[in-house]
Amino acid sequence: MTAPLTPPHQPSPHDPWQTPEGATDTAYPPAGDAPDRSAELATDIRKALVVLVVTAVLGLLLGALWAWLAPKVPLISTDKAVFLKDTEGEEAAGADGVFVLLSLGLGLLTGLGAFLFHRRGGIPMVVAIALGALMGAWLGWMAGGWFGPTADVVAQAKAVGVGVVFDAPLKLGAKGALLAWAFVGVLVHLGLTAVWGVRDPEPEFEWGAYYGVPAGAGPAHEASPPSA
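The text that follows walks through the structure, step by step, so that each part is easy to find.

Criteria and thresholds
- Residues numbered from 1 in each chain as written.
- Predicted model: local features only at pLDDT ≥ 70, side-chain atom pairs only at ≥ 80, totals over all residues.
- Heavy atoms only, no water.
- Pairing = 2+ DSSP bridges.
- Helix = DSSP H or I, 4+ residues; strand = E, 2+ residues; numbered from the N terminus.
- Phe/Tyr/Trp six-rings, centres within 6.5 Å; stacked < 30°, edge-to-face > 60°.
- Lys NZ or Arg CZ within 6 Å of the ring centre and 35° of its normal.
- Polar contact = N/O pair within 3.5 Å; in protein donor to acceptor, adjacent residues only side chain to side chain.
- Contact = heavy atoms within 4.5 Å.
- Axes fitted to C-alpha atoms, helices over the stretch in contact; angles between N-to-C directions.
- Parallel < 35°, antiparallel > 145°, perpendicular 65-115°, else oblique.
- Left-handed = near helix turned anticlockwise from the far one by under 90°.
- Nonpolar A, V, L, I, M, F, W, Y, C, P; charged D, E, K, R; others polar.
- Salt bridge = Lys/Arg side-chain N within 4 Å of Asp/Glu carboxyl O.
- Buried < 20%, exposed > 50% of the residue type's maximum accessible area, 1.4 Å probe, protein only.
- Patch = residues over 30% accessible without salt bridge, like charges linked within 9 Å, V, L, I, M, F, W, Y side chains within 5 Å.
- Areas by Shrake-Rupley, 256 points an atom, 1.4 Å probe, with all protein chains shown as cover.

Right, let's talk about the pairing of strand S1 (residues 74–77) for a bit. Alignment of S1 against strand S3 (residues 166–167), held across two bridges, turns out to be antiparallel. What sits directly across from proline 74, in S3, is aspartate 167. In the sheet, S1 pairs with strand S2 (residues 82–84) via three bridges, with the strands oriented antiparallel. Opposite isoleucine 76, over in S2, you have phenylalanine 83 as the bridge partner.

Encoded structure:
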């Protein structure tokens, strides 16, 4: 005589993975209990925009310092043309070096300031630092020409007279220097965030609540004595 089979549409009562009656799936909280990520994202974007604008405006400071500290290229004029006073001078390379050093310093300050302003970090902040630094470097390049010697070399030569030394307009020969600020700023910010940044708590995963307690298991179950 064979035992009756369990109908195919009903789970077996001895299935160890079956969720007992009354048990709920708490491993994944309902949608209403999930943290409001949209509010956090809005805050991240808002603070990132502040960092982008402030970083870009710092380009004016970069241009002013560059025009003040960069070595000037001396020119001299004759009655026919304008020439370099020293054809082997390194003032042009020195101007590029000063721009790079100032950009590295501003990148360090930008990365540190952004981290202190918003310790959560995140993609919006990294993008804001990179874009703001690129805009600031371009603005500093342009501002250096505005604050520096005039770009009208012919008019300047006529103004000072023949045989009188005057300064050439400030130029950036190595255009790759425009990337130094963004590179250092992002690198410093990522490093500080990785070490001291605020981290989200790890979610707790309850195996028993998700898979259910196997039938017959648990402290409240008492084993029945074996039948004779």
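Here the narrative resumes, following the displayed structure.
A complete count under the given rule lists one aromatic pair for this structure. A centroid spacing of 5.0 Å and a plane angle of 75° characterise the contact between tryptophan 66 and phenylalanine 99, whose relative ring orientation is edge-to-face. One end of the pair, tryptophan 66, is in helix H1 (residues 37–69); the other, phenylalanine 99, is in helix H2 (residues 91–117), and 33 residues separate them in sequence. The ring centre of phenylalanine 117 lies 5.6 Å from the NZ or CZ of lysine 47, which sits over that ring.

Time to look at the side chain of threonine 110. Residue placement: threonine 110 occurs in helix H2. Here leucine 106 takes part through its backbone oxygen, which lies 2.7 Å from a polar atom of the side chain of threonine 110.

The residue valine 164 is located in the loop between helix H4 (153–160) and S3 in this model. Distance from valine 164 to leucine 75, taken between C-alpha atoms, is 8.3 Å for residues 89 residues apart in sequence. With near-sequence residues (within four places) excluded, valine 164 lies in contact with Leu75, Ile76 and Ser77.

Further remarks concern the packing of H1 against H2. Where H1 meets H2, the axes come as close as 10 Å, and the angle between the chain directions of the two elements is 155°. In terms of orientation, H1 lies roughly antiparallel with respect to H2. The hand of the H1/H2 crossing is right-handed. The residues of H2 that touch H1, namely those facing Lys47, Val50, Val51, Thr55, Leu58, Leu62, Leu65, Trp66 and Leu69, are Ala95, Val98, Phe99, Leu102, Ser103, Leu106, Thr110, Ala114 and Phe117.

So, about the packing of H1 against helix H3 (residues 123–147). Look at H1 against H3: their axes get within 6 Å of each other, and the N-to-C directions meet at 20°. Our classification of the angle between H1 and H3 gives roughly parallel. The two elements H1 and H3 cross, and the hand of that crossing is right-handed. A breakdown of the residues in the contact of H1 with H3 according to their chemical character gives 23 nonpolar, seven polar and two charged.

Let's shift gears to the pattern of salt bridges. Under the defined criterion, the tally for this structure stands at three salt bridges. The partner of glutamate 40 in a salt bridge is arginine 37, and the shortest N-O contact between them spans 3.1 Å. With glutamate 40 and arginine 37 both in helix H1 and three residues apart, the pair spans about one turn of that helix. Judged by relative accessible area, which is 28%, glutamate 40 ranks as partly exposed. Arginine 37 sits in the partly exposed class, given a relative accessible area of 47%. Here the salt bridges share partners, and the residues they tie into one network are Arg37, Glu40, Asp44 and Arg120.

Moving on, we get to the sheet that holds S2. As summarised here, the arrangement of the three strands in space is S2-S1-S3, forming an open sheet in which the pairing is antiparallel. At either end of the open sheet lies a strand with only one pairing partner, and these are S2 and S3.

The subject of this paragraph is a nonpolar patch on the surface. A cluster of nonpolar side chains, namely Ile123, Val127, Leu131, Leu134, Met135 and Leu179, defines an oily patch on the protein surface of about 560 Å² accessible area. Secondary-structure assignment places leucine 131 in helix H3. Here leucine 131 falls in the partly exposed class, since its relative accessible area comes to 42%.

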